[in-house]
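Here is how the chains run, residue by residue.
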Amino acid sequence: MASTRHNVIQTRASRSMMHYAFALALLLWGSTQRAIADESHPKLDPAVSFALAQATDTSTVQVIVEAGPGKYAAVRAKVLATGKPISAEHKFINALTVKLKKSDISSLESDPTVAHISLDHVVRSTAAAPPPPPPPPVSKPIDDVMLATLGLTNSPITGKGVGVAVIDSGLQPATELPAFAFFDFTTTTNGGANDDYGHGTFIAGLIRANAPPTNNPIGGMVGVSPGVRLVSMKVLDGTGQGYTSTVLTALETVLNNQASLAIDVINLSLGHPITEPGVVDPLVQAVEALSRKRIVLVVAAGNWGRNPTTGLPAYAGITSPGNAPSAVTVGALDTKQTVTRTDDQVPVYSSRGPTWYDGVVKPDVVAPGHSLVSLAAIGSSLYTRFPEARVADGTGAVRYMRLSGTSMATAVTTGVVALLIEQHRSVSKLPLTPNDVKAVLQFTAIPVNGADVFTRGAGAVNPPGALAVVAALTGNADTTLRSTTVVQPTTTIGSETYTWNQAVIWGHTFVYGDSVYANEPAWGSLTTWGSAVIWGHSWPGGGDLVWDSAATWSTTTVWDPIIAPSSAGLSWPELGGQAVIWGHGGPY
């Protein structure tokens, strides 16, 4: 894409979020029921059941109806027979979105051609503005600490030729982003690239910004992978919220236009609380569908890491689609704005696993996400609401912001994945699969002191180590990735050397090794990730994950009742702060 394209995809305008509040209230209430869906309505997302209980006979609930295998046309006809217009079709997951009355949903639920009915959840970004930390030394450009911490200062690998889609709140043009493609799924009005919330611009800057440092006291912004081809897909509005169905439309656009867009990596710094198992969650199924097409999806874990009732770190706060087994799910890391990794910590707001309902071990890794500087969308909601988070460039122009959260960590990881793909293309004709990427990131991860597997996954992303492994995995001999050399499991960043994690989280077990060899099963393209965790105080299989040492995870969960059903009219409180006290620097 040689020039900026302002392609506008027409979709519906924003709708009421009342039905989402019903879903959140149901989720929080349902935690006391051990997350067991209503057995009398096995086809219904519990959030739909709860919304229907609050609805009148004449009101409607917006739902996503999944058809049984080979039954899409039949289900579509039956939905149209209700007299309600179809809002969106999602053929890649055999589903469609529509507003229906109670009687309509009851009729479809009993129809054998209908497989499942989910709520069209509100999704939100996982970032906002924290109080500003002490400023960095004025002799450093604003991105120096992040890139130095990652071991990427002056890296020759830039992600050149790698296609990255940022599905978020849009993108405001900036000098650091010379060319990008833009799609707007939130409006029916044609217009240029924009970002009225400001989140998508910040995320894009962390990935793609390219403004080399100047001689000014504070230099320009440089992202993790400044050579990528960037595609911005706007699905969130000026308040930072959108709908599951809109995200699905964006994902299907990527899938249907793979030949022209050539997207290799998708950044999803957004999500919604989990209200049903992943196997029937539309966002999870969409992520799995694109992963099968060898597109790597990097997803935020969410900012639900603290129980607001107790103020303590809490478990099982991963949001959808971070519970997708194939996704690279990312938690946040506070690097203390130092190059050394020995003082790194996972901030309390970063969501911990296991995933609700399924008990999948997440996040997969953590990455720098706390107190990062990136591009600001001037005049956007975040820029206007949080003047204390603004940062000036070297000329004094206030066009950057300092934000935190798993959104930011996801963007950093997306940039790292782009670097790995460029590196691999230089040594192999075989593409990296999503499983390959995840295995390399986990095997080379740097351990995080004081954090268990549900908090930090395999550890902190280690770009130099991951690049070294990818450079050795040629894959030219046969259809599997093979290591041509023994890769030493250490990385030197700054003046310190770190030993890798050397383990891949494989469902409920680890795959260990001293170095990466040809017969390591984790490198297979058909790896099944995310075997379920058994809910309880210990793991009966002999302690593969040393469950007994973290027994409180099963009783200290983030989804303890926070908002009673009587408070269902409240907006999702993550950004509003009505229910969650996040403490220093979060939940941004």
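Residues numbered from 1 in each chain as written. Predicted model: local features only at pLDDT ≥ 70, side-chain atom pairs only at ≥ 80, totals over all residues. Heavy atoms only, no water.

## A word on the overall build of the protein
Phase 1 of the analysis: Within the protein, the secondary structure is distributed over 15 helices and 22 strands.
Phase 2 of the analysis: Within the span of the protein, comprising 588 residues, buried residues form 62% of the whole.
Phase 3 of the analysis: When contacts within the protein are restricted to residue pairs at least 6 apart in sequence, long-range pairs at least 24 apart make up 79% of them.
Phase 4 of the analysis: With an accessible surface of roughly 20200 Å², the protein has 55% of that area assigned to carbon and sulfur atoms. (Helix = DSSP H or I, 4+ residues; strand = E, 2+ residues; numbered from the N terminus. Buried < 20%, exposed > 50% of the residue type's maximum accessible area, 1.4 Å probe, protein only. Contact = heavy atoms within 4.5 Å. Areas by Shrake-Rupley, 256 points an atom, 1.4 Å probe, with all protein chains shown as cover.)

## Focus on the sheet that holds strand β16 (residues 372-375)
Phase 1 of the analysis: Taken together, 3 strands build an open sheet; the order of strands is β16-β18-β17 and the sheet is antiparallel. Only two strands of the sheet have a single partner each, and these edge strands are β16 and β17 (390-392). The sheet shows a mean angle of 45° between the axes of neighbouring strands, direction not considered.
Phase 2 of the analysis: In this sheet, strand β18 (residues 398-403) lies alongside β17 in antiparallel orientation, the contact comprising 3 bridges. Each bridged residue has a counterpart across the sheet, and for Val391 the counterpart in β18 is Tyr400.
Phase 3 of the analysis: Across the sheet, helix α6 (residues 199-208) touches β16 and β18, and the angle it forms with β16 is around 105°. (Pairing = 2+ DSSP bridges. Axes fitted to C-alpha atoms, helices over the stretch in contact; angles between N-to-C directions.)

## Quick notes on helix α14 (residues 463-472)
Phase 1 of the analysis: Counting buried residues in α14 gives 7 out of 10 residues, a clear majority hidden from the surface.
Phase 2 of the analysis: Where α14 is concerned, the buried positions are Pro463, Gly465, Ala466, Leu467, Val469, Val470 and Ala472.
Phase 3 of the analysis: Buried residues along α14 sit against α11 (406-425), α12 (434-443) and β19 (490-493).

## A short note on helix α2 (residues 46-54)
An α-helix turns once per 3.6 residues; consequently, residues spaced three or four apart project the same way.
Phase 1 of the analysis: Taken across its 9 residues, α2 has 7 buried, putting it largely inside the fold.
Phase 2 of the analysis: What α2 keeps buried is the set Pro46, Ala47, Val48, Ser49, Phe50, Ala51 and Leu52.

## Some details on the packing of helix α7 (residues 244-256) against helix α9 (residues 282-291)
Phase 1 of the analysis: Packing of α7 against α9 leaves a shortest axis separation of 10 Å and a crossing angle of 10°. In terms of orientation, α7 and α9 fall into the roughly parallel class. When α7 is examined against α9, the residues Thr244, Val247, Leu248, Leu251, Val254 and Leu255 are found in contact with a partner set consisting of Pro282, Leu283, Ala286 and Leu290.
Phase 2 of the analysis: Along the lines of polarity and charge, the residues of the contact of α7 with α9 split into 9 nonpolar, 1 polar and no charged. (Parallel < 35°, antiparallel > 145°, perpendicular 65-115°, else oblique. Nonpolar A, V, L, I, M, F, W, Y, C, P; charged D, E, K, R; others polar.)

## Looking at the pattern of salt bridges
Phase 1 of the analysis: On inspection of all chains with the given rule, the structure shows 11 salt bridges.
Phase 2 of the analysis: Among the salt bridges present, the one from Asp111 reaches Lys78, with a minimum N-O distance of 2.8 Å. In this pair, Asp111 is assigned in the loop between α4 (102-109) and β5 (114-119) and Lys78 in helix α3 (residues 72-80), connecting sequence segments 33 residues apart.
Phase 3 of the analysis: A residue is classified by how much of its surface remains accessible, and Asp111, at 14% relative accessible area, is buried.
Phase 4 of the analysis: Relative accessible area serves as the criterion here: at 30%, Lys78 is assigned to the partly exposed category.
Phase 5 of the analysis: Several salt bridges converge on common partners, so that one network encompasses Glu176, Asp393 and Arg399. (Salt bridge = Lys/Arg side-chain N within 4 Å of Asp/Glu carboxyl O.)

## What about the pairing of strand β3 (residues 86-90)?
Phase 1 of the analysis: Pairing between β3 and strand β4 (residues 95-100): 4 bridges, direction antiparallel. Paired with Ile86 across the bridge in β4 is Val98.

## Concerning the packing of α11 against α14
Phase 1 of the analysis: Close contact between α11 and α14 brings their axes to 9 Å; oriented N to C, the two are set at 25°. With respect to α14, the axis of α11 lies roughly parallel. For the crossing formed where α11 meets α14, the hand is right-handed. For the pair formed by α11 and α14, the contact residues are Val416, Leu419, Leu420, Gln423 and His424 on the first element and Pro463, Ala466, Leu467, Val470 and Ala471 on the second. (Left-handed = near helix turned anticlockwise from the far one by under 90°.)

## Section: the sheet that holds strand β10 (residues 241-243)
Phase 1 of the analysis: The 3 strands are arranged β10-β6-β12 in an open sheet whose pairing can be described as antiparallel. One side of each edge strand has no neighbouring strand; the edge strands of this open sheet are β10 and β12 (270-271).
Phase 2 of the analysis: Strands in contact with α7 are β6 (122-125), β10 and β12; relative to β10, the strand with the most contacts, it is inclined by about 75°.

## Some words on the environment of Ser380
Phase 1 of the analysis: As for its position among the elements, Ser380 is in the loop between β16 and α10 (381-385).
Phase 2 of the analysis: The exposure class assigned to Ser380 is buried, which follows from its relative accessible area of 2%.
Phase 3 of the analysis: Along the sequence, Ser380 and Gln172 sit 208 residues apart, while their C-alpha atoms lie 9.3 Å from each other.

## A short note on the nonpolar core
Where a protein is soluble and globular, its nonpolar side chains tend to be buried together.
Phase 1 of the analysis: Ranked by size, the top nonpolar core spans 72 residues in total, and within it Val164, Met401 and Leu441 carry the most contacts.
Phase 2 of the analysis: Take this core: its biggest share by element is 10 residues, from α11.
Phase 3 of the analysis: Once residues lying within four places of it in the same chain are set aside, the contact partners of Val164 are Ile207, Val228, Arg229, Leu230, Val231, Ile263, Val265, Thr414 and Ala418.
Phase 4 of the analysis: Formed by 36 residues, the second largest nonpolar core is a distinct cluster that contains Val231, Ile263, Ile266 and Val284. (Core = buried A, V, L, I, M, F, W, Y, C linked by side-chain atoms within 4.5 Å.)

## Description of the packing of aromatic side chains
Centre distance and the angle of the planes are the two values used to describe a pair of aromatic rings.
Phase 1 of the analysis: All told, the structure shown has 2 aromatic pairs when counted by the stated rule.
Phase 2 of the analysis: A ring pair is formed by Phe443 and Trp500, whose centres lie 6.2 Å apart and whose planes are at 75°; its orientation type is edge-to-face. With a gap of 57 residues between them, Phe443 in helix α12 and Trp500 in the loop between β20 (496-499) and β21 (503-506) connect regions that are remote in the sequence.
Phase 3 of the analysis: Sitting over the ring of Tyr383, Arg390 keeps its end group 4.1 Å from the ring centre. (Phe/Tyr/Trp six-rings, centres within 6.5 Å; stacked < 30°, edge-to-face > 60°. Lys NZ or Arg CZ within 6 Å of the ring centre and 35° of its normal.)

## Re the confidence of the model for the protein
Phase 1 of the analysis: Across the protein, the average pLDDT comes to 79, with 72% of residues at 70 or higher.
Phase 2 of the analysis: Counting contacts from residues 559-588, a segment whose pLDDT is below 50, to residues more than four positions away or on other chains yields 99 contacts. (pLDDT = per-residue confidence, 0-100.)

## Here we look at unusual backbone geometry
Most peptide bonds take the trans configuration, and most residues that are not glycine carry a negative phi.
Phase 1 of the analysis: In this model, Ser320 is joined to Pro321 through a cis peptide bond whose omega is 10°.
Phase 2 of the analysis: With respect to the element layout, Pro321 can be found in the loop between β13 (296-300) and β14 (328-333).
Phase 3 of the analysis: A cis geometry characterises the amide bond from Lys362 onward to Pro363, with omega recorded as 0°.
Phase 4 of the analysis: The topology assignment puts Pro363 in the loop between β14 and β15 (365-368).
Phase 5 of the analysis: Of note, Ala262 is a non-glycine position whose phi angle comes to about 50°, a positive value.
Phase 6 of the analysis: Here Ala262 lies in the loop between α8 (258-261) and β11 (265-268).
Phase 7 of the analysis: One non-glycine residue, Gln337, lies in the positive phi region at around 55°.

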